[in-house]
Every structure is written in structure tokens, then in C-alpha cells.
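# Structural features, examined
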Amino acid sequence: MMMRRRVFGLIFVAIMAVVLVAGMPGCGKPVKIDITPPYLRDLAEQLNFYIGTAVGYGSQTFPNNSQYMRTLKREFNAVVAEYTMKWGTIRPDRETFNYRPGDELLDFAENNKMMVRGHTLSWHQSVPAWVENGNFPRDEAISLLQDHINKVVGRWKGRIREWDVVNEVIRDDLTGQTGENPRRGNSVWERSIGADWVEIAFRAAAEADPDALLFYNDYGIERKSRKQDAVYALIQDLQGKGVKIDGVGFQGHFVCGNVPSEEELKASLDRFAGLGLRVQFTEVDIRIKKPVTPEKLTLQAKEYERIIKVALEHPACDAVLFWGVDDGHSWINSWDKNYGAPLLFDSWYDRKPAYYAVRDYLLAEIERRQGGEEGEENEKKEAQDG
Ligand code: XIL
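Residues numbered from 1 in each chain as written. Predicted model: local features only at pLDDT ≥ 70, side-chain atom pairs only at ≥ 80, totals over all residues. Heavy atoms only, no water.

## Considerations on the overall build of the chain
When helices and strands are tallied, the chain shows 14 helices and 10 strands. Its C-alpha radius of gyration of 24 Å places the chain within 12% of the 21 Å reference for a compact globule of 386 residues. With respect to the three principal axes, the spread of C-alpha positions in the chain is 85 × 75 × 45 Å. Across the 386 residues that make up the chain, the buried fraction comes to 51%. When contacts within the chain are restricted to residue pairs at least 6 apart in sequence, long-range pairs at least 24 apart make up 78% of them. When the accessible surface of the chain is totalled, it reaches about 17,900 Å², and 54% of it is carbon and sulfur. (Helix = DSSP H or I, 4+ residues; strand = E, 2+ residues; numbered from the N terminus. Rg over C-alpha atoms; globule rule 2.2 N^0.38 Å. Buried < 20%, exposed > 50% of the residue type's maximum accessible area, 1.4 Å probe, protein only. Contact = heavy atoms within 4.5 Å. Areas by Shrake-Rupley, 256 points an atom, 1.4 Å probe, with all protein chains shown as cover.)

## Regarding the nonpolar core
Of all hydrophobic cores here, the largest spans 107 residues; its most connected members are Ile 51, Leu 72, Trp 163, Phe 202, Tyr 216, Phe 272 and Phe 322. With nine residues, helix H9 (residues 197-208) is the single largest residue contributor to this core. Look past the residues within four positions of Phe 272 in its chain and what remains in contact with it is Gln 228, Val 231, Tyr 232, Ile 235, Val 248, Phe 250, Leu 277 and Val 279. Counting seven residues, the second largest nonpolar core, distinct from the first, contains Ala 54, Ala 78, Met 115 and Ala 319. (Core = buried A, V, L, I, M, F, W, Y, C linked by side-chain atoms within 4.5 Å.)

## Quick notes on the environment of Val 231
In this fold, Val 231 is placed in helix H10 (residues 226-240). A residue is classified by how much of its surface remains accessible, and Val 231, at 0% relative accessible area, is buried. Val 231 sits 63 residues away from Glu 168 along the chain, and the two C-alpha atoms are 9.4 Å apart. Those residues in contact with Val 231 that lie beyond four places of it in its chain are Ile 170, Tyr 216, Asp 218, Ile 221 and Phe 272.

## Structural notes on the packing of aromatic side chains
Aromatic ring pairs are described here by two measures, namely the spacing of the ring centres and the angle between the planes. Taken as a whole and assessed by the stated rule, the structure comprises 17 aromatic pairs. Considering the side-chain rings of Phe 76 and Phe 322, the 6.4 Å spacing of their centres and the 65° angle between planes classify their relative orientation as edge-to-face. Placement of Phe 76 in the loop between helix H3 (66-75) and strand S2 (78-81) and of Phe 322 in strand S9 (residues 317-322) is noted, with a sequence separation of 246 residues between them. As far as burial versus exposure is concerned, Phe 76 and Phe 322 are alike and both buried. (Phe/Tyr/Trp six-rings, centres within 6.5 Å; stacked < 30°, edge-to-face > 60°.)

## Side note on unusual backbone geometry
Residue Thr 120 follows His 119 across a cis peptide bond; omega there is -10°. As for its position among the elements, Thr 120 is in the loop between strand S3 (115-119) and helix H6 (129-132). Cis geometry marks the peptide bond from Lys 290 to Pro 291, where omega comes out at 0°. With respect to the helices and strands, the residue Pro 291 is situated in the loop between strand S8 (278-289) and helix H12 (294-313). A positive phi is found at Asn 48, a non-glycine position, where the angle reads about 50°. For Asn 48, a relative accessible area of 68% puts it in the exposed group.

## A closer look at H9
With 12 residues, H9 extends 16 Å from end C-alpha to end C-alpha; this agrees with the ideal 16 Å at 1.5 Å per step. Of all the 12 residues making up H9, 10 are buried; the element is thus mostly covered by neighbouring parts of the structure. Taken residue by residue, H9 has Trp 197, Val 198, Glu 199, Ile 200, Ala 201, Phe 202, Ala 204, Ala 205, Ala 206 and Ala 208 as its buried positions. Packed against the buried residues of H9 are helix H7 (138-155), strand S4 (162-167), helix H8 (188-192), strand S5 (213-218) and H10. (Expected span 1.5 Å × (residues − 1).)

## Some words on the site of the ligand
Neighbouring the ligand are Glu 82, Tyr 83, Lys 86, His 119, Trp 123, Asn 167, Glu 168, Gln 251, His 253, Glu 283, Trp 323 and Trp 331. Interatomic distance of 2.5 Å between a side-chain N/O atom of Glu 82 and an oxygen atom of the ligand. Glu 283 places a side-chain nitrogen or oxygen 2.8 Å from an oxygen atom of the ligand. Coverage of the ligand by the protein chains reaches 78% of its 420 Å² of free accessible surface. A breakdown of the residues in the shell around the ligand according to their chemical character gives four nonpolar, four polar and four charged. (Near = heavy atom within 4 Å. Polar contact = N/O pair within 3.5 Å; in protein donor to acceptor, adjacent residues only side chain to side chain. Nonpolar A, V, L, I, M, F, W, Y, C, P; charged D, E, K, R; others polar.)

## Observations regarding the pattern of salt bridges
This model, assessed by the stated rule, comprises 36 salt bridges. For Asp 318, the salt bridge is made with Arg 278, and the minimal N-O distance between the two is 3.4 Å. Here the residue Asp 318 occupies a position in strand S9, and Arg 278 occupies one in strand S8, the gap between them amounting to 40 residues. Assessed through its relative accessible area of 13%, Asp 318 is described here as buried. (Salt bridge = Lys/Arg side-chain N within 4 Å of Asp/Glu carboxyl O.)

## Structural notes on H7
Given a rise of 1.5 Å per residue, 18 residues ought to cover 26 Å, and the 26 Å separating the end C-alpha atoms of H7 matches this to within 8%. Buried within H7 are the following residues: Ala 141, Ile 142, Leu 144, Leu 145, His 148, Ile 149, Val 152 and Val 153. For H7, the angular spread of buried residues about the axis comes to 160°, placing them on one side. Each element contacted by the buried residues of H7 is listed here: helix H4 (87-90), H6, S4, H8 and H9. (Arc of directions from axis to C-beta.)

## Comments concerning the side chain of Gln 300
Tracing the chain through its elements places Gln 300 in helix H12. Given a relative accessible area of 0%, Gln 300 falls into the buried group.

## With respect to the side chain of His 124
Mapping His 124 onto the fold places it in the loop between S3 and H6. On the basis of relative accessibility, which here comes to 10%, the residue His 124 falls in the buried class. Here His 124 is in contact with Glu 132, Asn 167, Glu 168, Arg 184, Asn 186 and Ser 187, once residues within four sequence places are set aside.

See below:
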């Protein structure tokens, strides 16, 4: 009997050991991951550029996951709150402003010399129930929106370089029919205030922090489309009314194999830069239809390189932010389980081909620019030497 207990005991210990090892980050991966320099952020800084990422919040990400934090500090010089600066986090009820997660991110960013994008002062999602179901009359809804923007932007005035003031106002299903309303109907702001809520939001943000750069942010505008036309018309309308708007954020949520061509991306940035706006890729991820294969990871790397190339070459673009640090914590995992591996680092925080493609392009761009400077120097010298 005793012998049997010992055997069962030994089997249990062996199983636990396997489970512990298997559960450890890095199982199925080389324990040692590549963390050799150069790092993205150092290269970006040499190019006066921001390479950033959305930052989660909690035990699995910022500020508690050490591997997540090491990767974040080492590789990025810009951050945006994935959700802790949205209404849903900040405003659990009408009287409460929960700034703590945002405060923590700002302190971290300032201690690590990172630019901060604010996301987002208004959106049709992440709206707390007391607002969504509040049935507020127009005037009260306007005051609610203005008060929120005034307090949130005011709280971090001078510390947040740029804000997504309005996020995703235009519908995805435009038919182009004459007289079609391009605006989303499933927005509490559209419902309770009416179309001028967008102008009201931008004016409130400009008043709360006149120095902050104010962005309109959306997806599905990275190639010519009815949606891009509608966003363009929206911005022209705002500019026509004298509303301060400084930039457009192209979210860049792409499917691997369907990223717009270099020409399409450039034409889209050119179009909005032509309105005098800054342009940025603000939420880039390139999701891969499962199963994820080495060939798909290679294609993903080429597409990430394409985005970085277009961004760096565009005079009105100074930032590319990815929507997450590592594949293990991407929103895609819960948003569409048929896809995965959308980011630069895998679930073990190991660099993927996409990372190296971005880094190699940054390195090449630095050499190009240095070559250009040396070329100019040589030309000046030759001119002087006659
Ligand atoms: C997503 C976050 O990643 C999720 O964690 C959250 O549950 C929902 O919002 N476009 C946006 C982002 O502008 O705010 C969204 O982020 C992704 C799509």
C-alpha cells in the first residue's frame, strides 16, 4: 500500500513539473530570446520619428508583467492607452473620474522619455451604461461631452502631445447613394446631440489644451474608398467652420495579404496632408489568418516594412504606433479567433520577422539620410574647392 502511494506521489510530482515548465513563458521557444541592440526607439529617435505602441493595463501587461515592461521600455518611444483613457475606464459613473491608470501611464512615459497620444475623447464604443442609456436631452448631452473633454484634457494638459478627439464616426457600409448619411447611427453622441457633436468635441478639446495636436482617427481609410471620401468631406467641413484639427490617424488594422500597396498608402496620406494635416499610422496590426505559417510571417514582415517605408518617406508623418506589444496580448485574439500573430513580438516577447523588417528599414533609412548629408557636404566642398 505504501509503495503504491509513493508511486502515485512521484507521478503527481512529475506531472506538476511538466505543467509548470509548459506553462512558463518560453515553453516551445528558445528560452533565450534575442534582445540585442539596436532597438527600434533608438533608431526612430535618430530619424526624429516615433515608433510606439498601445499599452494595456493589469496583471498581464502594464505595469505588472516584467517581460512586457522590459520590451516596452527597450523598443518604443511613444505610447497610447489601449483603453484606460476611454470613457469606459475614466467614467464608471457620472461623478467619478478614474484617472489613476492614465496617471500611471503618463508617469511611466515621462520617466522613459516617451511621447503620449491620448485615446480617445469620444467614440461610439467603450461608453458606460449610464451614458449609453442616459437618454440625455441635447443640451445636457452637450454639457456632458464638453465637461468630460474639459476635465480629461485639462488633467493632462501639456503632458499629452496629441489627442484622438473623435474616433470612428463614419460608417463602413456606404453605398454612395445620393443623400446617404455617412455617419454611424450607433453613436450615443450622434443620437443625443446630432451631427454637430464632432465640431463641439473638437472645439472643447482646443479650449482645454490649445497646444495639444487634435486628431480625427479612423480605420478603413488607408486606401481610396467611399469611407475615405466621407472622412475627407467631414474634415473639410470642420476646417470650413474654423475648427482646429491638426491631424488624421490612419488606424491601420490590416489583414496579412491585404495591406494596401505602397502607392495606395502614399496617396491616402498625401490626400489628407493636402488639407494641411499631419498624418500618422496610429493602431497598426497585421493579423494573419490561421494557421500561422513561416511563409505568412514573411509576407507580414514585408507588409510591415511597406508601412514603415511610406510613413518615413512622408513629410507630414512623424509616427507609427502598433496596437499592442506582443501577440499574446493583442485585441485580435478576442476580436476574431480565426486570425492571430498580428504584432512585432510573439507571445514569448521574441522578435518576429516583422520586427527585423521594421528595424532593418529604420537602419537603412538612417544610412540613406547620412549618405545624403555626406553627399550634400561633398557637393558643398566641391563647390567651395571650385
Ligand atoms: C480596442 C482595445 O484594443 C480593446 O482592448 C477594447 O476592448 C476595445 O477597443 N479601434 C480603436 C481602438 O480605436 O480603441 C480599439 O481598441 C480597436 C479598434
